[in-house]
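Residue-level listing of the chains:
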Amino acid sequence: MIKTVATAPYQDQKPGTSGLRKKVPVFAQENYAENFIQSIFDSLEGFQGKTLVIGGDGRYYNREVIQKAVKMAAAAGFGKVMVGQGGILSTPAASNVIRKYGAFGGIVLSASHNPGGPTEDFGIKYNIGNGGPAPEKITDAIFARSKVIDEYKIADVADIDLDKIGSFDLAGMKVEVIDPVADYAELMEKLFDFSAIRALIAGGFRVAIDSMGAVTGPYANEIFEKRLGAPEGSVRNSTPLPDFGGHHPDPNLVHAKELYDDVMSPQGPDFGAASDGDGDRNMVVGKDMFVTPSDSLAIIAANATVAPGYAKGISGIARSMPTSAAADRVAEKLGLGMYETPTGWKFFGNLLDAGKVTVCGEESFGTGSDHVREKDGLWAVLFWLNIVAARKKSVAEIVTQHWAEYGRNYYSRHDYEEVDTDAANGLVTALREKLPSLPGQSFGSLKVTAADDFAYHDPVDGSVSKNQGIRVLFEGGSRVVFRLSGTGTSGATLRVYVERYEADPAKHGIDTQEALSDLITVADEIADIRKRTGRDKPSVIT
Ligand code: G1P
Ligand code: ZN
């Protein structure tokens, strides 16, 4: 019943910031997905008889790869596979299932916020037993294996029925098709004060949750409409579609603009939130107030004790390096440890496992805590509702009061997408060469105090990750960071992160791009962005 299939390796299966992401036609090449899945199994040890969790964000090609993964897990010797009904498991829900049932690991099929469809993106990611993305030493081993693999093993059986909850035997391995929502909803109910949020909503506070045609639809329906009593229709675009309805399932001011405009309109809801393709990102908007993800992390940390799951306080905060330093000010005031990691959730795993931090976040609309080992979109939304319910203040009041207390970190990210790869690499190389000469130089009124290529020394396992983004720091706490995306699937994406700290509350009402305009000009000057990319403006500003 177990078949061994000869295969030829592909040379391009290098996992990026978050797993292997490619266009569907690349994944659909002969044995492409099989090679990568077998390379994962070949890089692991000690899983015989243990449990593997499998699920995805429901995008195009999800079901096909799930069938392959289940049959290959049986052939590899796993004792059990737990798979979400319909092949669905949001990324945070998958992380929770791995942890809750003590699974050996999990395979998460997703390309996150990237579009889906026959010519769009697909992805495969391996998560370890703590529920988090595999660390670099495993992803490096998977890549090395993928370059030489010459066979894979698969159970030669008919496709399983993914739509019926229940368990059955498959070539000597147990398969359990599980409700993808139940465990997750139960966890959220433990962490947050659902009765306070229910009362807030019953009192007329109107929420709009946009699932963007992606995986969080069923989760949001269950949590917001069923358990928290939000009127039917409060959750929008709640049916997961293989192509996300043709949208880009990325919750930001560009792709979730309709929701944003709705909340900002006088008759619109009081609170809006959106999630991405696989449910780990979030965007939070209150009436007259968009909450930047960096501020969201800081404000959640500062108010954490209002939520029952965090009533005892938090142990520390971590943020990715390009994320603004707003959370650092909270950590300082509360006397908590603060950690600055490279971009990507995998770097938070060790800190969370070691109990050094409780909450973490990234500027890229990612926030989360030690309840799972992935960022968690709906968790952040519930945290905000819990804060609003407990403090009896609007989102705008909570944010402006936070700025008044801690100062405001004006922050924006400028993305130049699908830039010619050689041009992008050239820009970074030139910038690196310039680094030693920058400190001491002045650009208008901005004086450079330090410039480096960020390297992370993991305080838990001692590993070192180099070249994680170029930072140029200026007097007064302003800075510009440059890095190339590790999740794109065509050309290169240059990300430029711009930040300025303003302590004076009288100056907290300035438009963000205006407040950062001198830094934006200097960023172009230092990195020669226009000339090298041939672009006169970014493709996306968040
Ligand atoms: C992007 C974000 C990063 C996030 C990752 C996965 O990676 O910038 O913060 O962890 O997606 O959601 P990048 O494309 O910048 O490598
Ligand atoms: Zn995502």
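Everything numeric in this text was worked out from a predicted model, so none of it was measured. (Residues numbered from 1 in each chain as written. Chains lettered and ligands numbered in written order. Predicted model: local features only at pLDDT ≥ 70, side-chain atom pairs only at ≥ 80, totals over all residues. Heavy atoms only, no water.)

Trainee: Explain the overall build of the protein chain here, please?
Mentor: When its secondary structure is counted, the protein chain shows 18 helices and 27 strands. Here the C-alpha radius of gyration of the protein chain, 23 Å, is about what a compact globule of 542 residues would show, namely 24 Å. Sequence-distant contacts, at least 24 apart, represent 72% of the contacts inside the protein chain between residues at least 6 apart. Of the roughly 19900 Å² that the protein chain leaves accessible, carbon and sulfur atoms contribute 48%. Looking at the protein chain, you have 57 positive and 71 negative side-chain charges, and the mean spots of the two groups are 3 Å apart. (Helix = DSSP H or I, 4+ residues; strand = E, 2+ residues; numbered from the N terminus. Rg over C-alpha atoms; globule rule 2.2 N^0.38 Å. Contact = heavy atoms within 4.5 Å. Areas by Shrake-Rupley, 256 points an atom, 1.4 Å probe, with all protein chains shown as cover. Lys, Arg positive; Asp, Glu negative; His and termini not counted. Charge placed at Lys NZ, Arg CZ, Asp CG, Glu CD.)

Trainee: Please explain the sheet that holds strand S15 (residues 316-320) as it appears in this structure.
Mentor: Strand pairing in a sheet relies on backbone hydrogen bonds, with the paired strands running either antiparallel or parallel. Judged by pairing direction, the sheet is mixed, and its 4 strands sit side by side in the order S16-S15-S17-S18 without closing on themselves. With partners counted over all chains shown, the strands left at the sheet margins are strand S16 (337-341) and strand S18 (366-369), one partner each. Here the strands of the sheet are splayed against their neighbours by 15 degrees on average, with no regard to which way each runs. Pairing analysis gives 5 bridges linking S15 to S16, with the strands arranged parallel. The residue of S16 that forms the bridge with Ile317 is Met338. (Pairing = 2+ DSSP bridges. Axes fitted to C-alpha atoms, helices over the stretch in contact; angles between N-to-C directions.)

Trainee: Is there a simple way to think about the packing of helix H6 (residues 182-191) against helix H8 (residues 216-227) in this case?
Mentor: Each pair of packed helices gets described by two things: the angle between the helix axes and the distance between those axes. Running from N to C, H6 and H8 cross one another at 45 degrees; their axes reach a closest spacing of 9 Å. With respect to H8, the axis of H6 lies oblique. In this structure, H6 meets H8 at a crossing whose hand is right-handed. Residues Tyr184, Ala185, Glu186, Met188 and Glu189 of H6 touch H8, and the partners they reach there are Tyr219, Glu222, Ile223 and Arg227. (Parallel < 35°, antiparallel > 145°, perpendicular 65-115°, else oblique. Left-handed = near helix turned anticlockwise from the far one by under 90°.)

Trainee: Explain the coordination of the zinc ion (ligand 2) to me, please; I cannot follow it from the model alone.
Mentor: Geometrically, a metal with four donors at the corners of a regular tetrahedron has ideal angles of 109.5 degrees, and one with six donors at the corners of a regular octahedron has ideal angles of 90 or 180 degrees. Within the protein, the atoms that donate to the zinc ion (ligand 2) are Ser112 (OG), Asp276 (OD), Asp278 (OD) and Asp280 (OD), at distances of 1.9 to 2.1 Å. Around the zinc ion (ligand 2), the 4 donor atoms sit at angles spanning 87 to 159 degrees, and that spread fits a shape best called irregular. Ordering the donors of the zinc ion (ligand 2) by residue number gives the pattern S-x163-D-x1-D-x1-D. Each member of the pair Asp278 and Asp280 is classed as buried. (Donors = N, O, S within 2.8 Å, 3.2 Å for Na, K, Ca; no water. Tetrahedral: all angles 85-135°; square planar, octahedral: opposite > 155°, others 65-115°. Buried < 20%, exposed > 50% of the residue type's maximum accessible area, 1.4 Å probe, protein only.)

Trainee: What exactly am I supposed to notice about the site of ligand 1 here?
Mentor: Taken together, 14 residues form the shell around ligand 1, and within it Thr17, Ser364, Gly486, Thr487 and Arg495 come nearest. A distance of 2.5 Å separates an oxygen atom of ligand 1 from a polar side-chain atom of Ser364. Note that an oxygen atom of ligand 1 is positioned 2.6 Å from one of the side-chain N or O atoms of Ser485. Coverage of ligand 1 by the protein amounts to 98% of the 380 Å² it exposes when considered alone. Taken together, the residues of the shell around ligand 1 sort by class into no nonpolar, 7 polar and 7 charged. (Near = heavy atom within 4 Å. Polar contact = N/O pair within 3.5 Å; in protein donor to acceptor, adjacent residues only side chain to side chain. Nonpolar A, V, L, I, M, F, W, Y, C, P; charged D, E, K, R; others polar.)

Trainee: When you look at the side chain of Ser324 in this model, what are you seeing that I'm missing?
Mentor: The topology assignment puts Ser324 in the loop between S15 and helix H11 (326-334). With near-sequence residues (within four places) excluded, Ser324 lies in contact with Ser294, Arg319, Asn409, Tyr411, Arg479 and Glu499.

Trainee: What is the right way to read helix H7 (residues 194-202) from this model?
Mentor: Counting along an α-helix, one turn takes 3.6 residues, and residues three or four places apart therefore face a common direction. Taken together, the buried positions of H7 are Phe194, Ile197, Leu200 and Ile201. Seen along its axis, H7 keeps its buried residues to an arc of 120 degrees; they face one direction. Considering only its buried residues, H7 is in contact with H6, strand S10 (207-210), H8 and helix H13 (377-391). (Arc of directions from axis to C-beta.)

Trainee: Hey, could you run me through the pairing of strand S21 (residues 446-453) in this one?
Mentor: Regular strands place their side chains on alternate faces of the sheet. Looking at chain direction, strand S20 (residues 442-443) and S21 are connected through 2 bridges and run antiparallel. Its bridge partner lying in S21, Ser442 is registered against Lys447. Count of turn residues in the S20/S21 antiparallel hairpin: 2 residues, of which Gly444 carries a positive phi of about 60 degrees. Pairing geometry for S21 and strand S24 (residues 470-474), over 5 bridges, is antiparallel. Looking at S24, one finds that Val448 is bridged to Phe474.

Honestly, it's all geometry; don't read function into it.
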